[in-house]
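The lines below spell out each chain.
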Amino acid sequence: IVTIGRIDTGPNGEVAIVLARYKPNLNLDKSFGNNGIAQLRINNLSYSLPLALAIQNDDKIIVAGRVGQSFLANDYQQFLARFMESGKLDASFRGGYFIEPEGYNHQAASISLLEFQNRKEKTIVVGGFMRDCPLSTCPTYGTVRVYDQD
């Protein structure tokens, strides 16, 4: 069982993404990350919120969500990160994580892992939404991004 969340990491409201892995008996799996918990702070951004998680067939963990300067700034961008089964970032996956620079207030909301019979590579599909401006009254558009798992 793997869960995602966030945790305050500093006096100025800094936040890290947190993954926790549990054994079937619901005790933390101490072999994962640091005593069952893995953390990720993205580019010194003070606001991050993981919104979706998927586990690949090779047990690598994909996490997607949003990051920004602050919750109130409304300047979110979508991030995608991949962790090894051990809880460490997978450096072979674009350095472990990346931020999509396109779109204002772009947020990931779901992840699907797909395999196509006529393609060698496996595919990550991330669904989400974005707005044209920072106001909640601005138009909101659904988004789909497709990535290779490798």
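Just above sits the structure.
Residues numbered from 1 in each chain as written. Predicted model: local features only at pLDDT ≥ 70, side-chain atom pairs only at ≥ 80, totals over all residues. Heavy atoms only, no water.

### Observations concerning the overall build of the chain
Okay, step 1: On a plain count of helices and strands, the chain comes out with zero helices and 10 strands.
Okay, step 2: Secondary structure of the chain in N-to-C order comes out as β-β-β-β-β-β-β-β-β-β.
Okay, step 3: Expressed as a percentage of its 150 residues, the buried residues of the chain come to 45%.
Okay, step 4: Restricting to contacts in the chain with at least 6 residues of sequence separation, those with at least 24 account for 43%. (Helix = DSSP H or I, 4+ residues; strand = E, 2+ residues; numbered from the N terminus. Buried < 20%, exposed > 50% of the residue type's maximum accessible area, 1.4 Å probe, protein only. Contact = heavy atoms within 4.5 Å.)

### What to know about the pattern of salt bridges
Okay, step 1: If you walk through the whole model with that rule in mind, you get three salt bridges.
Okay, step 2: In this structure, the salt-bridge partner of K60 is D90, at a minimum N-O distance of 3.3 Å. With K60 in the loop between strand 4 (47-55) and strand 5 (61-68) and D90 in the loop between strand 6 (77-83) and strand 7 (97-99), this pair connects stretches of sequence that are 30 residues apart. Here K60 matches D90 in class, with each residue buried.
Okay, step 3: Salt-bridge contacts for R82 lead to D90; the nearest nitrogen and oxygen are separated by 2.7 Å. Neither residue differs from the other here; R82 and D90 are each classed as buried.
Okay, step 4: Bridged by salt links that share partners, the residues K60, R82 and D90 form one connected network. (Salt bridge = Lys/Arg side-chain N within 4 Å of Asp/Glu carboxyl O.)

### Quick word on the nonpolar core
Across soluble globular proteins, nonpolar side chains show a tendency to be buried alongside one another.
Okay, step 1: Core analysis: the largest hydrophobic core is formed by 14 residues, its most contacted members being L19 and F83.
Okay, step 2: Among the secondary structure elements, those contributing two or more residues to this core are strand 2 (15-21), strand 3 (37-40), strand 5 and strand 6.
Okay, step 3: Excluding its chain neighbours within four sequence positions, the residues that come into contact with L19 are V2, T3, I4, F32, G36, I37, A38, I61, V63 and F83.
Okay, step 4: If you look at the next biggest cluster of nonpolar residues, it comprises seven residues, including F93, F98, I124 and V126. (Core = buried A, V, L, I, M, F, W, Y, C linked by side-chain atoms within 4.5 Å.)

### Describing unusual backbone geometry
Okay, step 1: The phi dihedral of L26 is positive, around 75 degrees, even though this residue is not glycine.
Okay, step 2: Counting through the fold element by element, L26 comes out in the loop between strand 2 and strand 3.
Okay, step 3: The phi dihedral of R94 falls on the positive side, at around 50 degrees, and the residue is not glycine.
Okay, step 4: Within the secondary structure, R94 is located in the loop between strand 6 and strand 7.
Okay, step 5: Exposure remark for R94: the relative accessible area of 51% places this residue in the exposed category.

So far we have only geometry, and geometry alone does not tell us how the molecule works.
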